[in-house]
Amino acid sequence: MPETGGVESSANFVKQHWEGWRGFYADRFAFLENYTRFIHRDKPLPSWSQSDVDEFIASDPIHGPTLKTTREAVQVSVAGSAVGAVTTGALAWKYSKSPHGALLALGAGAVFGWTFSHEIANHWFQLYRLDTMTAQTKFMEWWEKKTEGN
């Protein structure tokens, strides 16, 4: 009998521990709920073009400029990712002549380049002052209304 109680209390402890961590991470990643209604749809939203984004930027005086600035920062990040990938991949190939090493360096350089250039763009465009997630959510709501004809 004591063995069963030990297993039950052990299972109960694990369950409580799991629920605690689950609640902890649910609080930390609550921002993901903003996009849930756009991602988990029966019929996905159609793709949009740059002209659609420009139309939203022109139509929304509050969130439009924020979205425009965010998209400019992403372009800087993409450029930084490309530069990081090419330079680290080339250096790895130059000194090691190892295809798998150069490929790993290419991937790592892309990640590092993205990270550094995104941080630079964040400060350059002062994204820390803007609510970029709300601007993106407002664009998705606007696109949803426009495509569904509401």
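Note that the structure is a prediction, hence the values are computed from the model and not measured. Every chain is numbered independently, its residues counted from 1 as its sequence is written. With pLDDT at 70 or above as the cut-off, local features in this predicted model cover only qualifying residues; side-chain atom pairs require 80 or more to be listed or tallied, and sums for whole chains, interfaces and linings still use all residues. The side-chain figures draw on all heavy atoms in the structure; neither hydrogens nor water molecules are used.

Caption draft 1: Structural view of the layout of surface pockets. Put simply, the grid is 1 Å and covers the protein atoms alone, a cavity is a trapped set of points that fit a 1.4 Å probe, a pocket is an open set with protein on both sides within 12 Å along at least five of seven lines, and lining residues have an atom within 4 Å of a point. Grid points are joined across faces, edges and corners, and a volume is the space filled by probe spheres set on the points. When its volume is computed, the largest pocket comes out at roughly 220 Å³. Together, Tyr 35, Phe 38, Ile 39, Trp 48, Leu 67, Thr 70, Arg 71, Val 74, Gln 136, Phe 139 and Met 140 line the largest pocket. Numbering of helices and strands starts at the N terminus; helices are DSSP runs of H or I of at least 4 residues and strands are runs of E of at least 2. Counting residues per element, the ones that place at least two in the lining of the largest pocket are helix 2 (33-39), helix 4 (63-96) and helix 6 (132-148). Element by element, the count of residues in the lining of the largest pocket is highest for helix 4, at 4 residues. Note on residue categories: nonpolar means Ala, Val, Leu, Ile, Met, Phe, Trp, Tyr, Cys or Pro, charged means Asp, Glu, Lys or Arg, and polar means any other residue, Gly included. When the residues that make up the lining of the largest pocket are grouped by side-chain class, the tally is 8 nonpolar, 2 polar and 1 charged. Approximately 150 Å³ is the volume found for the second largest pocket. Along the wall of the second largest pocket there are 13 residues; nearest its centre are Thr 70, His 118, Leu 127, Thr 132 and Gln 136. Looking at the lining of the second largest pocket, the elements with two or more residues in it are helix 4, helix 5 (99-124) and helix 6. Looking at side-chain class alone, the lining of the second largest pocket contains 6 nonpolar, 6 polar and 1 charged residues.

Caption draft 2: Broad picture of unusual backbone geometry. Despite not being glycine, Lys 97 has its phi angle at roughly 55 degrees, a positive value. Relative to the elements of secondary structure, Lys 97 occurs in the loop between helix 4 and helix 5. Of note in the backbone geometry, Gln 126 takes a positive phi value of approximately 55 degrees without being a glycine. Residue position: Gln 126 is located in the loop between helix 5 and helix 6.

Caption draft 3: Geometry of the packing of helix 4 against helix 6. Relative to each other, helix 4 and helix 6 sit at 110 degrees, their axes nearing to 9 Å. Taken together, helix 4 and helix 6 sit at an angle that is classed as roughly perpendicular. Residues His 63, Thr 66, Leu 67 and Thr 70 of helix 4 form the contact with helix 6, whose participating residues are Thr 132, Thr 134, Ala 135, Gln 136, Lys 138 and Phe 139. Residues of the contact of helix 4 with helix 6, tallied by class, amount to 3 nonpolar, 6 polar and 1 charged. For every element, the axis is a line fit to its C-alpha atoms; helices are fit only across the contacting stretch, and the angle between N-to-C directions ranges from 0 to 180 degrees. In these notes the angle categories are as follows: under 35 degrees is roughly parallel, over 145 is roughly antiparallel, 65 to 115 is roughly perpendicular, and the rest is oblique. Note on contacts: a residue pair is in contact if any heavy atoms of the two residues lie within 4.5 Å.

Caption draft 4: Quick peek at the confidence of the model for the chain. pLDDT measures the predictor's confidence residue by residue and takes values from 0 up to 100. Considering every residue of the chain, the mean pLDDT works out to 87; 93% of them sit at 70 or more. For the chain, the element scoring lowest by mean pLDDT is helix 1 (residues 2-28), at 70; helix 5 scores highest, at 96.

Caption draft 5: The pattern of salt bridges, seen in detail. When a carboxyl oxygen of Asp or Glu is within 4 Å of a side-chain nitrogen of Lys or Arg, the pair counts as a salt bridge. In this structure the tally under the stated criterion is 7 salt bridges. Note that Glu 144 is salt-bridged to Arg 37, the shortest N-O span being 3.6 Å. With Glu 144 in helix 6 and Arg 37 in helix 2, this pair connects stretches of sequence that are 107 residues apart. You can call Glu 144 buried: its relative accessible area is 13%. Residue burial is assigned from relative accessible area. The probe radius is 1.4 Å, only protein chains are included, and a residue is buried under 20% of its type maximum, exposed over 50%, and partly exposed in between. Under the relative-accessibility criterion, Arg 37 is labelled partly exposed at 42%. The closest approach of N and O atoms between Asp 52 and Lys 146, which form a salt bridge, is 3.7 Å. Of this pair, Asp 52 sits in helix 3 (residues 50-59) while Lys 146 sits in helix 6; the two residues are 94 residues apart in sequence, bridging distant segments of the chain. One network of salt bridges, with partners in common, ties together Arg 37, Arg 41, Lys 138, Glu 141, Glu 144 and Glu 148.

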